[in-house]
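Take a look at the letters that make up each chain.
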Amino acid sequence: MPPRWTADWLKLGWRIGLLLPFVGTAFWVMTGWIDQRVLSQTHSTTAQLQAQGQYQVQLSFNLTIVSIDAEINRQTQLTEVSIRTVGSSLEEMEFKFPVTEFVAVERAIAQELGLLPNDITKLIRYRIDE
């Protein structure tokens, strides 16, 4: 016959075993109720975010232009320009200009980059799509 303390522990184990699912279910129901109450509350914001307007930032880079590729599309009357650079994390720039004449393209690029048109003429390569 087992000692008396073993029988007492077994009775206590059965009671805990029966009580544990009840406690777990009660805990689950209560946390669900609390979550529903907290998450269903509406919070009014006192500070309004303003996303109106545009801000302009002036950037200046010290970089070296390696090549300028211009693709002239005569049908759409647009010129797509790709400028490759070295000496900065900015490796490539792309522009679209509504001109198709060589001089006008070079003038537009020079104006955009703040360079002389003669400097652009030395670096530019054209591709014409009819």
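Presented here is a report on the structure given in the accompanying data block. (Residues numbered from 1 in each chain as written. Predicted model: local features only at pLDDT ≥ 70, side-chain atom pairs only at ≥ 80, totals over all residues. Heavy atoms only, no water.)

## What to know about the pairing of strand 1 (residues 64–73)
The following threshold applies: Any two strands between which DSSP finds at least two bridges are classified as paired. Segments assigned H or I by DSSP are reported as helices when at least four residues long, segments assigned E as strands when at least two residues long, and all are numbered from the N terminus.
The sheet contact formed by strand 1 and strand 2 (residues 78–86) spans 9 bridges and is antiparallel. In the strand pairing of strand 2, Glu71 is matched with Glu80. Where strand 1 folds back on strand 2, the antiparallel hairpin that results is connected by 4 residues, among which Gln77 adopts a positive phi of roughly 60°. Bridge count between strand 1 and strand 4 (residues 124–129): 6 bridges; the pairing is parallel. Residue pairing for strand 4: Ile72 is matched across the bridge by Ile128.

## Focus on the packing of aromatic side chains
Under the convention used in this document: Geometry of aromatic contacts follows a simple scheme: Phe, Tyr and Trp rings, the Trp one being its six-membered ring, pair when their centres are within 6.5 Å, and the pair is stacked under 30 degrees between planes, edge-to-face over 60, tilted otherwise. To sort residues, take the accessible area from a 1.4 Å probe on protein chains only and compare it with the maximum for the residue type: under 20% means buried, over 50% means exposed, and anything in between is partly exposed.
A complete count under the given rule lists 2 aromatic pairs for this structure. Note on Phe95 and Phe97: the rings are 5.8 Å apart at their centroids and 20° apart in plane angle, and the pair reads as stacked. Here the two residues Phe95 and Phe97 agree in accessibility, since each one is buried. Arranged with centres 4.3 Å apart and planes meeting at 40°, the rings of Phe102 and Tyr126 form a pair that is tilted. A residue pair is termed long-range when its members are at least 10 positions apart, and Phe102 in helix 2 (residues 102–113) and Tyr126 in strand 4 qualify at 24 residues. By relative accessible area, Tyr126 is classed as partly exposed at 27%.

## A short note on a nonpolar patch on the surface
Rules: Like charges are joined within 9 Å and nonpolar side chains (Val, Leu, Ile, Met, Phe, Trp, Tyr) within 5 Å, but only among residues with over 30% relative accessible area and no salt bridge; these make up the patches. Exposure was quantified through the Shrake-Rupley algorithm and a 1.4 Å probe, taking into account, for residues, occlusion by the shown protein chains and nothing else. In what follows, salt bridge is the name for a side-chain nitrogen of Lys or Arg lying within 4 Å of a carboxyl oxygen of Asp or Glu.
A cluster of nonpolar side chains, Met30, Trp33, Ile34, Val38 and Leu39, forms an exposed patch at the surface whose accessible area comes to about 550 Å². Within the element layout of this structure, Trp33 appears in helix 1 (residues 4–39).

## Looking at the sheet that holds strand 3 (residues 92–97)
To keep it simple, the criterion reads: Helix axes are fitted to C-alpha atoms over the stretch in contact, other axes to C-alpha atoms as well, and angles between N-to-C directions run from 0 to 180 degrees. Only heavy atoms enter the contact rule, under which two residues are in contact if any of them lie within 4.5 Å.
With mixed pairing, the 4 strands of this open sheet are ordered in space as 3-2-1-4. In the strand order of this sheet, the two ends are held by strand 3 and strand 4, each with one partner. Averaged over all pairs of adjacent strands, the angle between strand axes in this sheet comes to 15°, irrespective of strand direction. With respect to the sheet, helix 2 is in contact with strand 1, strand 2, strand 3 and strand 4, its orientation differing from that of strand 4 by roughly 130°.

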